[in-house]
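# An overview of the molecular structure
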Amino acid sequence: MNGLEALILGLIQGLTEYLPVSSSGHLAIGSALFGLDMSGEQYLTFAVAVHAATMLSTIVVLWKEIEWIVTGVFKFQWNNETRYAVNILVSMIPVAVVGFVFKNQLESFFEYGGLFLVGAMLLVTAALLSFSYYAKPRQKEKISLRDAFLIGVSQACTVLPGLSRSGTTIATGLLLGNKKSSIAQFSFLMVLIPIAGEAFLDLVKGDFSPAASGIPALSLIIGFIAAFVSGCFACRWMINIVKKGKLIYFAVYCVVAGIATMALSYLQH
């Protein structure tokens, strides 16, 4: 992987991590178009680096909200901040179960499905975004524990590449009747601990290995910076998009991208 490829893939990761179009799916598509063998240690090393970059961009953009939650929690009383933190913890339960119990099966499933699976899941993402756009549910003042858990279940399903994490969780939150102004922020905050935890486990197990991956250090740095900068932009942009209720445009994009990806998979075989 050269510097230009790392730059483009980093930009793709940063933008699509927040936009409801699937970052993992687009990373796979971009790698295929460049003819890169993004499998095994090479894929994992680059994916961990750019995911860490987008996690950092979330912290930067939503720092005031994070500070509000942490400050409230350490008051050691039941308040809005503690309630929000508990909701985030509850949303992580389904992700933890899937990650610990079904991770190997899902990875083998992806290897079998390849780009065709990515395309199919992009179509599912489009359907979810469309449902949330045309549905007219009530506007709840606060996200409940039940809703937090169900949003977490939807996030657990996004281990399938092509099924957008942000698109799926935001669409689920909207279909459950939560306010547009709060659901995007919750969607981005709820993934911080799972991403950090997964990266930590990869480091502990030794799966993250820049030297063994064959990716030049400079390319990793370029990819990290590109993902961070584009992630900061996309995070702010996506919050405003959700507030304005314009997710239907991304549904149209996912349909086109899904069909094109499935066609590319067919041509490769």
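See above for the structure.
Presented here is an overview of the structure given in this document.

## Digging into the overall build of the protein chain
For the protein chain, the count of helices and strands is 13 helices and 0 strands. Starting at the N terminus and walking to the C terminus, you meet the elements of the protein chain as α-α-α-α-α-α-α-α-α-α-α-α-α. Here the protein chain holds 269 residues, and the buried ones make up 49% of them. When the accessible surface of the protein chain is summed, it comes to about 13,100 Å², and 70% of that surface belongs to carbon and sulfur atoms.

## Details of the pattern of salt bridges
For the coordinates displayed, the defined rule picks out 3 salt bridges. Residues E17 and R165 are paired through a salt bridge, measuring 3.7 Å at the closest nitrogen-oxygen approach. Highlighted residues: E17 in the loop between α1 (3-16) and α2 (23-34) and R165 in helix α8 (residues 165-175), separated in sequence by 148 residues. Overall, the relative accessible area of 6% leaves E17 in the buried class.

## Some words on the packing of aromatic side chains
Evaluation of the coordinates by the stated rule reveals 7 aromatic pairs. Here the aromatic rings of Y18 and F188 are separated by 5.1 Å at their centres, their planes lie at 90 degrees, and the arrangement is edge-to-face. Highlighted residues: Y18 in the loop between α1 and α2 and F188 in helix α9 (residues 180-189), separated in sequence by 170 residues. The same class applies to Y18 as to F188, namely buried.

## Here we look at the nonpolar core
A general trend in soluble globular proteins is that nonpolar side chains are found buried together. Of all hydrophobic cores here, the largest spans 47 residues; its most connected members are I170, F186, F188, L189, M238 and L247. Top element by residues in this core is helix α12 (residues 217-244). It accounts for 7 residues. If we skip the residues at most four places from it in the chain, L189 touches L62, E65, I66, I69, Y84 and I88. Listed in part, the 12 residues of the second largest apolar core include L36, A49, V50 and L220.

## Observations concerning the environment of Y134
By secondary structure assignment, the location of Y134 is in helix α6 (residues 103-134). Separated by 114 residues in sequence, Y134 and I248 have C-alpha atoms that sit 8.8 Å apart.

## Some thoughts on α1
Compared with the 20 Å implied by 1.5 Å per residue over 14 residues, the 20 Å span of α1 between its first and last C-alpha is a close match. Residues of α1 that are buried: E5, A6, L9, G10, Q13, G14 and T16. One side-chain oxygen of the residue at the start of α1 lies 3.2 Å from the amide nitrogen of L4, identifying that residue as N2.

## Some words on the side chain of S57
Along the chain, the position of S57 falls in helix α3 (residues 40-61). In this view, S57 contacts Y18, F228, G231 and C232; residues no more than four positions away in its chain are not counted.

## Here we look at the packing of helix α7 (residues 145-157) against α8
To characterise two packed helices, one gives the angle between the axes of the helices and the distance between these axes. At a closest axis distance of 9 Å, the pairing of α7 and α8 adopts a crossing angle of 150 degrees. Judged by the angle between their axes, α7 and α8 are roughly antiparallel. For the element pair α7 and α8, the recorded crossing hand is right-handed. Residues L150, I151, S154 and Q155 of α7 touch α8, and the partners they reach there are R165, T168, T169, T172 and G173. Tallied by class, the residues present in the contact of α7 with α8 amount to 2 nonpolar, 6 polar and 1 charged.

Parameters and conventions
- Residues numbered from 1 in each chain as written.
- Predicted model: local features only at pLDDT ≥ 70, side-chain atom pairs only at ≥ 80, totals over all residues.
- Heavy atoms only, no water.
- Helix = DSSP H or I, 4+ residues; strand = E, 2+ residues; numbered from the N terminus.
- Buried < 20%, exposed > 50% of the residue type's maximum accessible area, 1.4 Å probe, protein only.
- Areas by Shrake-Rupley, 256 points an atom, 1.4 Å probe, with all protein chains shown as cover.
- Salt bridge = Lys/Arg side-chain N within 4 Å of Asp/Glu carboxyl O.
- Phe/Tyr/Trp six-rings, centres within 6.5 Å; stacked < 30°, edge-to-face > 60°.
- Core = buried A, V, L, I, M, F, W, Y, C linked by side-chain atoms within 4.5 Å.
- Contact = heavy atoms within 4.5 Å.
- Expected span 1.5 Å × (residues − 1).
- Polar contact = N/O pair within 3.5 Å; in protein donor to acceptor, adjacent residues only side chain to side chain.
- Axes fitted to C-alpha atoms, helices over the stretch in contact; angles between N-to-C directions.
- Parallel < 35°, antiparallel > 145°, perpendicular 65-115°, else oblique.
- Left-handed = near helix turned anticlockwise from the far one by under 90°.
- Nonpolar A, V, L, I, M, F, W, Y, C, P; charged D, E, K, R; others polar.

Geometry only, nothing functional implied.
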